[in-house]
Amino acid sequence: MTASHGPIDPIRLEVIRNALVAASEEMSITIWRTSRSTVVREILDFSTAVFDAQGNNIAQSARIPVHLNSMSDCLRTILDRFIPLEQWQDGDVIVTNDPYSGGQHLPDIQTFRPVFVDGRRVAIVGTLCHHVDVGGGAAGSYYADATEIFHEGIRIPPLRLVDKGVLNSGVFEMLLHNLRQPDETRGDLNAQIAALGIGERAVARMARKFGTAALTAAMAAILDGSEAMMRAALKALPDGEASFVELVDDDGQSEEPIRLAVKITKTGETIALDFEGSSPQVRGPVNNTPAMTHSAVYYALLAALGGDIPANSGCYRPVTVKLPAGSVVNAVFPAPVAGRMVVNHRIATAVFGALAAIMPERIPAAYYAISYVYALQTTNPQGKRQVYFDIEVGGWGGHAGGDGASALSCGLHNNTNAPIEMVEAKYPVTFTKYGLIPDSGGAGTYRGGLGLVREWRLDAAEGTLSTNFERFRHAPYGLKGGEPGSLSRTTVTHPDGSTLALRSKVSGIPLKRGDVVTIETSGGGGYGDPRGRDPERLDRDLADGLVTQDAAATRYRRSQGKDVAA
């Protein structure tokens, strides 16, 4: 069973590859069916993966790229700096959430478990869940006023949560005592541990069925195969350089825009990305660590090059990323990072913008490019504290083949919407509006997808609101003459009719019974000159209420159903 293994035949290789993906999906289903919080169970903010015995990502569930592209970085950091591979024992579960130990941000708790067969370590399985709260200065742990990571919640260094099959209950309880929603976190963390057990058994079955040598050889071949496909896709592109600059609104603590600069150099079968010229790390909590930035880069490249390449660590080998130390894309300890998706999405759109010069027919105009995260802290009728956490989305950019999708979650975060009926049943809020925003998609030959409005009323006596939003000043860009998408905004309307316009990133905004919160997200950018839009498409937009008559006349140069001369 442990004998060396020569080349593995392609049919068996595909069987094993798909079996490893199936093991990841089994873990994913386990978390979905056994978790407690709405952020995990409904929004599906979690990921699962299988790694080889050295910590390389081999297979993953169809979950969240920003997680999956970084989990191997976290695992490798644990192995290199904290708990060497030879110290991992059968039944161990290693846990961490520390961004400066390879993690994402503090709400994202990662767990890993080794797979042993006949005393030999053959693989590692892993999970990552976004937990509804990990402490810190604001409910939901998105504290807009944070200036260092110590303001953002409890940090868990890489340690054994389970030691050879025995739960470290002291660590578990210490963690729960530092959270606002301990019951939900207990349930979600137990779901992660259960999923690891499912994954461990699935991979062990494979090793016993095919032999550990064959499984090890297959894992190496899977990595090599993805690398070869990535190199072939890059080789098909013309060599050259391209640059792009994106501007993020701010860090929530100043009005200064944040500059994201990238230069792409494509040479033969390799590609290099240099972020020199990006802003220094900022005071507010939107900084990215290298694991975060790499994750957005890998997502953008894989999305641009096509979906046929199996996503794993092999894909990353032809890619070189240069990140200036102390910059917003490579922040150094103890910079705050809880709101890192503000910058992370825009790293992806900056890469897309540069790639548009290299592969113009493949790249769409910019999407909404922000996880619209908000958290409401309030109490239910029984007086128990509750944290309602949600994530909204916006419109995709138009592209050479058609209009952008409306109100669709971007692949980088790949979340789903929380059903309003479920939210109303669990929290003291009533939804008063939920739908698409007319004219929010950028005008173009191919229109940008529409953003959405989600509006709710607070029914409890009081509450506090925190938001981690973006696109209030810098709209999603258009391409090929297409117009930008709409800007975002958040408004609180009081029972007396007075209104309060909120900044994009806020914490602790007081709400009273009857206050109505209106969240409007950005539409995607347009693609191509709006005057080139097919009249039949525009007529359908008008009939469906996606574009108004005024926009048709002013942005598309149409009047009474006919073109207006330029």
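Just above, that's the structure.
Parameters at a glance
Residues numbered from 1 in each chain as written. Predicted model: local features only at pLDDT ≥ 70, side-chain atom pairs only at ≥ 80, totals over all residues. Heavy atoms only, no water. Axes fitted to C-alpha atoms, helices over the stretch in contact; angles between N-to-C directions. Helix = DSSP H or I, 4+ residues; strand = E, 2+ residues; numbered from the N terminus. Parallel < 35°, antiparallel > 145°, perpendicular 65-115°, else oblique. Left-handed = near helix turned anticlockwise from the far one by under 90°. Contact = heavy atoms within 4.5 Å. Nonpolar A, V, L, I, M, F, W, Y, C, P; charged D, E, K, R; others polar. Pairing = 2+ DSSP bridges. Expected span 1.5 Å × (residues − 1). Buried < 20%, exposed > 50% of the residue type's maximum accessible area, 1.4 Å probe, protein only. Salt bridge = Lys/Arg side-chain N within 4 Å of Asp/Glu carboxyl O.

Q: I'd like a rundown of the packing of helix 3 (residues 65-82) against helix 7 (residues 290-305), residues and numbers included.
A: Where helix 3 contacts helix 7, the two axes come as close as 8 Å, and the packing angle between them is 125°. It follows that helix 3 is oblique to helix 7 by the angle criterion. Considering how the two elements wind past one another, helix 3 and helix 7 form a crossing that is right-handed. When helix 3 is examined against helix 7, the residues Pro65, Val66, His67, Asn69, Ser70 and Asp73 are found in contact with a partner set consisting of Ala291, His294, Ser295, Tyr298 and Tyr299. Each residue belonging to the contact of helix 3 with helix 7 can be placed in one class, and the counts come to 5 nonpolar, 5 polar and 1 charged.

Q: Go over the sheet that holds strand 11 (residues 319-322) with me, naming the residues and quoting the values.
A: Strand order in this open sheet of 4 strands is 8-9-10-11, and the pairing throughout is mixed. Of all strands in the sheet, those with a lone pairing partner are strand 8 (240-248) and strand 11, marking the two edges. Within this sheet the neighbouring strands show an average axis-to-axis angle of 15°, counted without direction. As judged from the 9 bridges shared by strand 8 and strand 9 (residues 258-267), these two strands associate in the antiparallel manner. Residue pairing for strand 9: Val248 is matched across the bridge by Ile258. Helix 6 (residues 212-235) contacts strand 9, strand 10 (270-274) and strand 11 of the sheet and is inclined by roughly 80° relative to strand 10. Across the sheet, helix 7 is in contact with strand 10 and strand 11; its angle to strand 11 comes to roughly 140°.

Q: Any details on the sheet that holds strand 13 (residues 385-392)? Residues and values, ideally.
A: Strand order across the open sheet formed by 4 strands is 13-12-16-19, with antiparallel pairing between neighbours. If you trace the sheet from one side to the other, it starts and ends with strand 13 and strand 19 (505-512), each paired once. Along the sheet, successive strands turn relative to each other by an average axial angle of 15°, direction set aside. Note that strand 16 (residues 462-468) and strand 19 share 6 bridges and pair antiparallel. If you follow Thr464 over to strand 19, its bridge partner there is Pro510.

Q: Residues and numbers for helix 8 (residues 341-355), please.
A: Between its terminal C-alpha atoms helix 8 stretches 21 Å, which fits the 21 Å expected from 15 residues at 1.5 Å a residue. The buried count for helix 8 comes to 15 of 15 residues, which makes it a mostly enclosed element.

Q: Describe in detail the pattern of salt bridges, supporting the description with residues and values.
A: Enumeration according to the criterion identifies 35 salt bridges in this entry. Between Arg41 and Glu42 there is a salt bridge, with its nearest N and O atoms 3.4 Å apart. By relative accessible area, which is 25% here, Arg41 ends up partly exposed. The shortest N-O distance in the salt bridge between Arg160 and Asp92 comes to 3.0 Å. One end of the pair, Arg160, is in strand 6 (residues 159-163); the other, Asp92, is in the loop between helix 3 and strand 3 (93-96), with 68 residues separating them in the sequence. Through salt bridges that share partners, Glu246, Asp250, Glu255, Arg346, Glu470, Arg473 and Lys505 make up one connected network.

Q: Can you tell me about the packing of helix 1 (residues 10-34) against helix 6, naming the residues and giving the values?
A: Direction vectors running N to C along helix 1 and helix 6 enclose 85°, while the axes themselves pass 10 Å from each other. Taken as axis vectors, helix 1 and helix 6 run roughly perpendicular relative to one another. Every residue of helix 6 that contacts helix 1 at Leu13, Ile16, Arg17 and Leu20 is listed here: Ala214, Leu215, Ala218, Met219, Ala221 and Ile222. Of the residues that constitute the contact of helix 1 with helix 6, the class distribution is 9 nonpolar, no polar and 1 charged.

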